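# Commentary on secondary and tertiary structure
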Amino acid sequence: MSPVALSALVALAAASTRVLAQDSTSSSFIPLASKSFSYPDGIPYQADTDDLTRGTQQGYNLCNSTTEGPNSMCQTAFVNHLDDFCLWSSPKPNETIGDTEGEEVAWCTKKGRGTRLIPEGALTGVQFMKTPGYLQVVGFIDQTKINLQADDGGGELDPHGADLRGNPLGGLVYTNGFASNNGNNDTYQQVHEWHNFMGSNSFCFKVCDPAGPNPADLCQHVFDRIGVLYNCPNAAQNGTFEYCEGENQDPPGVYTSNGQVVTYTQPPESLGAIQTMPYQPRIPASSNCVQLPSSALYTDLVSAIASATGASGSGATPAPTGKTGSSGAVGSGTRSGVAAGATPTGDANQDNGAGAMGISVISTVAGVLFAVAFLA
């Protein structure tokens, strides 16, 4: 081989290495949590236009009536109210969160935003909590109906990830429920700090108010191996659908021991499954809890099943045909509660099991009237 040809090959190899090595250290790279897009007019086709180690964004953010349906690849989600929220889950049937975390799509309870709809009957219990610092929806779900394997312990989705591109890549989240929104249901704010735990037939999606004092702390993204119980302490109960107001939780990983505030350090996955924890999370106090029947909340989901075979999302190829017949999530039914086992299924950043705990709250007549006004 001539020296010229050899030099050309060396130069080509070096250039390829630089491309493969390009990641969040690039000076032109913008982390997902730092990107801002107004809704709906400022939404790009894709929030992530990079092609780095994990490839490109698999879905799209510019979603409308032409993308809505069981094949939608919409990656713009909403958390608004008890009857109006989305969850991240696989676009392909019979998958795990660990295997698909970068490509999850939005599964929602409301029509009109170009997403997939959570199938009727999948949700078996939901608690929506409004606090000074965040909105949180936790609950129980037959996860086989949103393309997850029945025994998947799940994982965490958030706008960070090891490469700061988020899981899913380019996933955007909006809400009209923060106090800073002044009750305007037609105006949506982008949420830059959020986390969504999915798995073990339970879920938590928390969105932290960007106008609050500590959104990054309340929506921590580093405790992915200890699940819902420690990241979203709650009083949800399977079979109950309720809206509550409450106080902020302690930031995930922060607890008080012998009068001292302590921050928990999550051990690396290389040390094996987490067998014990040094603390039990404090369940925040709640009030004004209102229970409503699911039939009055998720009316859009009734027709989701009927139209599933005929609808398709624009530009989408995978069709959700997840198996059915999984039992609902298991809560403790007591104030102490237990979390599902933290079983690693994905990479070091997204491999926790998720679980919830429960205690029922009896609503009052005044509370029902409040809920009707809230959901109006």
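Quantities reported herein were computed from a predicted structural model and do not represent experimental measurements. Each chain has its residues counted from 1, following the order in which its sequence is written. At least 70 in pLDDT is required for a residue's local features to be given in this predicted model, at least 80 for side-chain atom pairs to be given and counted, and no such filter applies to totals for whole chains, interfaces and linings, which use all residues. The basis for every side-chain value is the complete set of heavy atoms in the structure, and neither hydrogens nor water enter the calculation.

### Quick notes on the sheet that holds strand S1 (residues 76-81)
Should DSSP find at least two bridges between two strands, the strands are taken to pair. Each helix is a run of H or I in the DSSP string that is no shorter than four residues. Each strand is a run of E no shorter than two, and both are numbered from the N terminus. Here we have six strands laid out as an open sheet, ordered S4-S3-S2-S1-S8-S9, and mixed in their pairing. The open sheet has two edge strands with one neighbour each: strand S4 (116-117) and strand S9 (189-190). Here four bridges tie strand S2 (residues 84-89) to strand S3 (residues 105-108), and the two strands are oriented antiparallel to one another. Residue pairing in the sheet places Ser-89 in a bridge with Val-105 of S3.

### A short note on the sheet that holds strand S10 (residues 193-199)
With mixed pairing, seven strands are arranged side by side in an open sheet as S7-S10-S11-S6-S5-S12-S15. With one partner strand each, in any of the chains shown, strand S7 (155-157) and strand S15 (286-291) form the two edges of the open sheet. Here the average twist between neighbouring strands, direction ignored, is 15°. Here strand S6 (residues 134-141) runs beside strand S11 (residues 202-208); their pairing, made up of seven bridges, is antiparallel. In the sheet register, Leu-135 faces S11, and the bridge partner there is Val-207. Throughout, an axis means a line fitted to C-alpha atoms (over the contacting stretch in the case of helices), and angles, computed between N-to-C directions, take values from 0 to 180 degrees.

### Some remarks on the state of the cysteines
In protein chemistry, a disulfide is the covalent bond that joins the sulfur atoms of two cysteines. Defined by distance alone, a disulfide is two cysteine sulfur atoms within 2.5 Å. Applying the stated rule across the entire model yields five disulfides. Residue Cys-63 pairs covalently with Cys-74 via a disulfide, S to S 2.1 Å. Between Cys-63 and Cys-74 the disulfide shows an S-S torsion of about 100°. By sign, it is right-handed. With a gap of 11 residues between them, Cys-63 in the loop between helix H1 (3-21) and S1 and Cys-74 in the loop between H1 and S1 connect regions that are remote in the sequence. For the residue pair Cys-63 and Cys-74, the accessibility class agrees, reading buried in each case. Between the sulfur atoms of Cys-244 and its disulfide partner Cys-289 the distance amounts to 2.0 Å. Disulfide Cys-244-Cys-289: torsion about the S-S bond near 120°, hence right-handed. Placement of Cys-244 in strand S12 (residues 241-246) and of Cys-289 in strand S15 is noted, with a sequence separation of 45 residues between them. Cys-289 carries the same exposure label as Cys-244, and that label is buried. Here the cysteine-cysteine linkages of the protein chain are recorded as 1-2, 3-4, 5-8, 6-7, 9-10, numbering only bonded cysteines and doing so in sequence order. Three labels apply to residues, based on accessible area from a 1.4 Å probe with only protein chains included: buried if under 20% of the type maximum, exposed if over 50%, partly exposed otherwise in between.

### A word on the pairing of S12
With five of six residues buried, S12 lies mostly within the body of the structure. Pairing of strand S5 (residues 123-130) with S12 involves five bridges; the strand directions are parallel. If you follow Val-126 over to S12, its bridge partner there is Phe-241. Examined bridge by bridge, S12 and S15 share four bridges and lie antiparallel to one another. Each residue of the ladder has a partner; that of Gly-246, found in S15, is Ser-286.

### Let's talk about the pattern of salt bridges
A pair can form between side chains of opposite charge whenever their charged atoms are brought close. Definition used for salt bridges: Asp or Glu carboxyl oxygen within 4 Å of a side-chain nitrogen of Lys or Arg. Applying the stated criterion to the full structure yields seven salt bridges. Here Arg-165 makes a salt bridge to Asp-48, at a shortest N to O gap of 2.9 Å. Here Arg-165, found in the loop between S7 and strand S8 (172-175), pairs with Asp-48, found in the loop between H1 and S1; they are 117 residues apart in sequence, far enough to count as distant. Taking relative accessible area as the criterion, Arg-165 reaches 1% and is therefore assigned buried. Connected through salt bridges with shared partners, the residues Glu-247, Asp-250 and Arg-282 form a single ionic network.

### Describing the confidence of the model for the protein chain
In the predicted model, the protein chain carries a mean pLDDT of 80, and the fraction of residues at 70 or more is 73%. Across residues 3-22, confidence stays below pLDDT 50; counting only partners more than four residues off in sequence or on other chains, it has five contacts. Counting interchain partners and residues more than four positions distant, the pLDDT-below-50 stretch residues 306-376 has 189 contacts. You can read pLDDT as the predictor saying how much it trusts each residue, on a scale of 0 to 100. Only heavy atoms matter for contacts: two residues are in contact if any of them lie within 4.5 Å across the pair.

### A few points about the pairing of S6
For S6, the buried fraction is high: eight of the eight residues fall into the buried class. Bridge count between S5 and S6: seven bridges; the pairing is antiparallel. Counted as the bridge partner of Met-129 is Gln-136 from S6. Here S5 hands over to S6 after three residues, the two strands then running antiparallel side by side.

### Structural notes on the environment of Arg-113
Within the secondary structure layout, Arg-113 lies in the loop between S3 and S4. Using a relative accessible area of 12% as the deciding quantity, one classes Arg-113 as buried. As for Arg-113 and Phe-78, which are separated by 35 residues in sequence, their C-alpha atoms are 9.2 Å apart. Setting aside anything within four residues of it in sequence, one finds Arg-113 in contact with Tyr-39, Cys-63, Asn-64, Glu-68, Cys-74, Phe-78, Asn-80, Asp-84 and Tyr-188.

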